[in-house]
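Chain by chain, the residues:
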Amino acid sequence: MKTCWPVHLTFKGKTDHMMITWLLLVSLVCKSTQDGNGQENGVLQCEPENLTLSSSGQMIMLTWTENDPSCSAVHDVLVYELVVLKPDYPIPLTGEVSVMPDQIGSSHSWSWMSPFALECFSHSVRIRSRYNKQTSPWKQEHIHPGMENLKKPGVYPKDGLFEVGSNFTFCCILQAGESFNSSPSIKGLGSSESRQISNQTYALTVHLTEVSKNTCTNVFCTSPDHGACAYIGYPPQDKDLQCETQDLQSVECYWTVGRHSAVSFKSPTVYHLLGRQCRDRGDGSEIRGCKIEVEKHSGERNWTLTAENKLGKVELLDRADLIKRVHMFAPKAMMASTINARNVTLEWEWTVQHYSTLNIRCQVNISHGETHTIREYFGVGLKFTILNNLIPYWNYNLTVRCATTHHLWKWSDWSTTVNFHTRGDVPDALDVWWQAVGDKIIILWKMPLANQSHGIIKDYRVTCEKSGSRGKEPQHTTVYNNDSLTLSLDRTEEYIVTVTARNENGSSSPSTITIPSCSPVTERTERANGFGIVRSGGSFNLSWSPSPAASCGYIVDWCPTVGHCKVEWLKVAPNQTSARIFSKNFTDGVRYLISVYACTQGAPVLLNRLEDYVRETRIKDGLFKSLKWKQQNSDVEVYWDHINQREQSAFIQGYVLYWSEKDSNENFLVSTVNPEDTSLTATNLHISNYKFKVVAQTAVGECGTTYITATLNPLTDNMVKPVLISLVAVFGVLSLITILCYKHWTCIKQKVYPPVPEPVLTWPTSLDANKFHPLHVDHEAEVLDVSELRYDSVPVVEGYVIEDGKPLASTQTPGGYYNQPLKKSTPPLLTSLTTDTPASSFRSVFCNPSYNLLMQTGEQQSSPGPCLQEGTSLEGSFSEYQPQSNTQTLNFFDTTDEPERMSCVSTYILLPKST
């Protein structure tokens, strides 16, 4: 494009020659301009003016304006071209800024972020304008001469702020002659890369992996003394914005601070709520807050919070209606105005006037001892309430908090605590039970707790009367500072016992219990099916089936099975069939008797009983104190006494007998699962020494180990003892019989062998008493030594020898006692008596008080009776004495009537001697 400015000349009074000269000059000017701009471009007169170059960190900023009047002729886009230059390091970056015609004459700016710190080397910026292929001349502006030129070694930039996880390039300026360490070890920095960018300057690109702790991270190339302090942290990461109001005139927003930036001392985070900067209400915690005043309004709106530091910015948004987010202040001026035994009036005040129109709900926290109870109350502008059902004579601590009823957002903080003490009242009814110990009845009651006595207990009154004995004066007993009373009652009768407690305000309601009789007629026991017990952490969990007899609930009592104890009990509601019982007196290894009763209108009914341990423990060794053994052939029976329950700290489920020979490691065993057994037998043992061990089997393992040793004897040795025992027993029995016979011989002799009187022979007076000859028996027979035969003269009446007018031929022996003939051999026949009188038929009867002796002549024989032959002596040949049952008779008189018979004993036949 050719450019030529027109020139208007006016000639006055000149010649034509002068006009030609001026035309030539104008042509030369146009030709000169065309030669200066070339064929393609012309010179643009609209160029940048008032250049200003500044820097911030690593950023270069350039500002300028256009003041030339020629710029007003621009009717299209005017473009500015910018180039950043540095010595020995061309930067292939060209920036452009487009200016619209309406922006010409105003201020323009351009910025550029350098990859290096500006201190690393000097920078300069060139700028020119371009319009319709016409450009203005370049204008150049310099900035920062660079530390390399100033001969200051070190690492740049210094005190830089960087984000964790980013990469950054530091420049190292070395001293003259100093060598570069291409891989320095810097704590807190990751991998690094380096390159040389000038004679004394190197670029070090590192990965920032860790936040700066305490202050900053020192970055160096050759020596820490010539390093740079780098602050490495995070941009803001706040979250969870929530906004609310407490006074309905301002908004308070709270949020959670995310990961700590770690550079707050270098670049603190700045917060803005709705564009207004917040005063930092943070106390170092994770929750931050901001409060600003707002106009009262209703409806939802957006609440915006921004958090910003030099590393970044985050924006949080919450949409809410403040009317539905009222977080009330805590009640003030708490006071208990009216205090009674079982109720109190509680009052408070509000510090915000707007609360009087709100529908409020308040919670009252009632604390006494370790108990905390919360009650709720409602009302518009609520600021007082009445608390009922309090414990008389009791200390209370109260606090209150409130919130809106319809849109419960948050509860207020708890108010200050109000303390008060209720007035006293009569004690609560006592919990009464009974226990039978022998023939005594112990009435028990639980001492009222502090929250049951309602004052100081003075005494207890116990009243006892027979059931059904109306009109009779009951027995009254006053008990001081005790929880039981022992009564001596007739156990065949049923009694009604009433117990009351008394304090300064009066007596409690009476507690009544019926003591059942012990007679079998009135004793009632109902078995409860499904009764179960489970041990649980030092206590018992009980369960049982419902009983129709339980009109007023159930009673569970427990007591150790061994030793004297005071029963403990627990009462259960009628609709419950389970209970957990616990006592501070529970002891491991102690067996307890647990009973469940049905509470009735009369006497309690026993449903079930069970024994158990809270925890079973190992039984101590040496349980079998009476352990003994006995050998039975090749077996050994080990036995012991019944185990006393006092020595059992666990249920015994059986016993095991172990044995082994001496110097042998081989063990044998035999066991039983019956806990009532008291012996075990080891079989098929050898003649040797054995060691026996007896243990009890329990749920906690084998316990109560007891040892005993035994030496087995041969079987022949085992017979010695029974034989000796038998001999001693026989000797003892015989000795006892001998002693008894000796002491009672007279009686035995009288009973077994009564004394025999001496025989008396009475002869008739008509006979010659001196003409008798002795009788002889078999000469080989044993001679019997017999006494003399005495006789007296008696008259003969009608052929019979009589005495005092009575026949003497009669049996004198006791009835049923007869001399029996010897059946094995027949003795010789008794011959007729030889006398000096003429031979004639001679009959006579011998009278003997003990024997009836009947004799016959030689011609007569009676077989098989004992007889004496003539010519024989009295020495009889009888092997033994034989009683006889048939009486043999000798007829001495020839009469028609049969004479009386006489019994005869052969050994006692006495004949008169001849003179």
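Below is a summary of the structure that appears in this document. Keep in mind that what you see is a predicted model, and the values were worked out from it rather than measured. (Residues numbered from 1 in each chain as written. Predicted model: local features only at pLDDT ≥ 70, side-chain atom pairs only at ≥ 80, totals over all residues. Heavy atoms only, no water.)

Right, let's get into the overall build of the protein chain. Check the secondary structure of the protein chain and you find five helices and 58 strands. A burial count over the protein chain gives 40% of its 915 residues as buried. Long-range contacts, defined as pairs at least 24 residues apart, comprise 66% of the intrachain contacts of the protein chain with a sequence gap of at least 6. Surface accessibility of the protein chain: about 51900 Å² in total, with carbon and sulfur atoms responsible for 50%. (Helix = DSSP H or I, 4+ residues; strand = E, 2+ residues; numbered from the N terminus. Buried < 20%, exposed > 50% of the residue type's maximum accessible area, 1.4 Å probe, protein only. Contact = heavy atoms within 4.5 Å. Areas by Shrake-Rupley, 256 points an atom, 1.4 Å probe, with all protein chains shown as cover.)

Next up on the list: the nonpolar core. Counting 30 residues, the largest nonpolar core has W433, I443, W445, V497, V499 and I515 as its most contacted members. Sorting the residues of this core by element identifies strand 30 (432-437), strand 31 (440-445), strand 32 (457-466), strand 34 (484-487), strand 35 (495-503), strand 37 (511-515) and strand 40 (554-560) as the ones contributing at least two each. The residues touching W433, leaving out its near neighbours within four places in the chain, are I442, I443, L444, I513, I555, D557, V567, W569, Y597 and P604. Judged by nonpolar contacts, the second largest core, of 28 residues, contains V326, A336, W348 and L390. (Core = buried A, V, L, I, M, F, W, Y, C linked by side-chain atoms within 4.5 Å.)

With that settled, consider the sheet that holds strand 48 (residues 668-672). Pairing is antiparallel in the open sheet, where four strands are placed in the order 48-47-50-51. Looking at which strands have only one partner, the edges of the open sheet turn out to be strand 48 and strand 51 (701-711). Taken pair by pair, the neighbouring strands of this sheet meet at an average axis angle of 20 degrees, ignoring direction. (Pairing = 2+ DSSP bridges. Axes fitted to C-alpha atoms, helices over the stretch in contact; angles between N-to-C directions.)

Pairing in this open sheet of three strands is antiparallel, and the strands run 16-17-20 from one edge to the other. Two strands in the sheet have a free side with no partner beyond their single neighbour: strand 16 (239-244) and strand 20 (287-293). Between one strand axis and the next, the sheet turns by 20 degrees as a mean value, whatever way the strands run. Bridging between strand 16 and strand 17 (residues 250-256) involves four bridges; their strand directions are antiparallel. Note on strand 17: the bridge partner recorded for C243 is C253.

As a further point, take the state of the cysteines. For the structure on display, the rule yields eight disulfides. One disulfide bridge connects C362 with C402, the sulfur atoms lying 2.0 Å from each other. Here the S-S torsion is close to 105 degrees, and the disulfide linking C362 with C402 is therefore right-handed. Of the two residues, C362 is situated in strand 25 (residues 359-368) and C402 in strand 28 (residues 395-404); the sequence distance between them amounts to 40 residues. (Disulfide = S-S within 2.5 Å.)

The next thing to look at is the side chain of H108. Position of H108 relative to the elements: it lies in strand 5 (residues 108-113). With relative accessibility at 6%, the residue H108 sits in the buried group.

What follows concerns the packing of aromatic side chains. Here the structure, examined in full by the defined rule, presents 21 aromatic pairs. Plain terms: the ring middles of Y613 and F651 are 4.8 Å apart, the flat faces sit at 80 degrees to each other, and that makes the pair edge-to-face. With Y613 in strand 44 (residues 605-613) and F651 in the loop between strand 46 (635-639) and strand 47 (654-661), this pair connects stretches of sequence that are 38 residues apart. Residue Y613 is classed as buried on the basis of its relative accessible area of 0%. Taken together, F540, W558, F582, F586 and Y592 form an aromatic cluster joined through their ring pairs. Stacked on the ring of W138, the Lys or Arg R126 has its end atom at 4.5 Å from the ring centre. (Phe/Tyr/Trp six-rings, centres within 6.5 Å; stacked < 30°, edge-to-face > 60°. Lys NZ or Arg CZ within 6 Å of the ring centre and 35° of its normal.)

Scope: geometric values only; no functional claims are made or implied.
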